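Coordinate inspection notes
Below are the chains, spelled out letter by letter.
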Amino acid sequence: SSAPPPCPKERDPAQPRTRGRLKGACMTCLSGAKPHVCDQKQVVYCIQCRECGEQYIGETDRKLELRIVQHLGDARNSRADKPWGRHMIRHHPHVNIPLQHTIFSNVSIVAREGDRARRKLREA
């Protein structure tokens, strides 16, 4: 599989972690999103598990990048009260996700919607 195009927001790896970005790596772009998708707000999005292909549909009012980093933390820490944490516990209990890596692939925007109630309907 070919590498995704570089995120135009990539930072110098020597810079500290800032607003969810780990040492220059945009986790959304590393997860196979098209450039600039990470900056989108008020979206319904789809994330696919790189290990098994299972998909998750979610919605966010914030930048998609921040939400992806949050999901990645849930997966990395196997948080049983979160969808990606439960997924890791049930399907991939022995998979370790190192920093600067992701378990997600094919992150995409399903819809753009400014109204939260309408986003919630599309998410369902």
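Right above here is the structure, for reference.
Below: a short report on this structure. (Residues numbered from 1 in each chain as written. Predicted model: local features only at pLDDT ≥ 70, side-chain atom pairs only at ≥ 80, totals over all residues. Heavy atoms only, no water.)

This part is about the overall build of the chain. The secondary structure content of the chain amounts to four helices and three strands. Starting at the N terminus and ending at the C terminus, the chain contains elements arranged as α-β-β-α-α-β-α. For the chain, the share of sequence-separated contacts (at least 6 apart) that also reach a separation of at least 24 residues comes to 61%. (Helix = DSSP H or I, 4+ residues; strand = E, 2+ residues; numbered from the N terminus. Contact = heavy atoms within 4.5 Å.)

Here we take up the packing of helix α2 (residues 64–76) against helix α3 (residues 83–91). Relative to each other, α2 and α3 sit at 35 degrees, their axes nearing to 7 Å. α2 and α3 meet at a crossing whose hand is right-handed. Across from H71, D74 and A75 in α2, the residues of α3 making contact are W84, G85 and M88. Each residue belonging to the contact of α2 with α3 can be placed in one class, and the counts come to three nonpolar, two polar and one charged. (Axes fitted to C-alpha atoms, helices over the stretch in contact; angles between N-to-C directions. Left-handed = near helix turned anticlockwise from the far one by under 90°. Nonpolar A, V, L, I, M, F, W, Y, C, P; charged D, E, K, R; others polar.)

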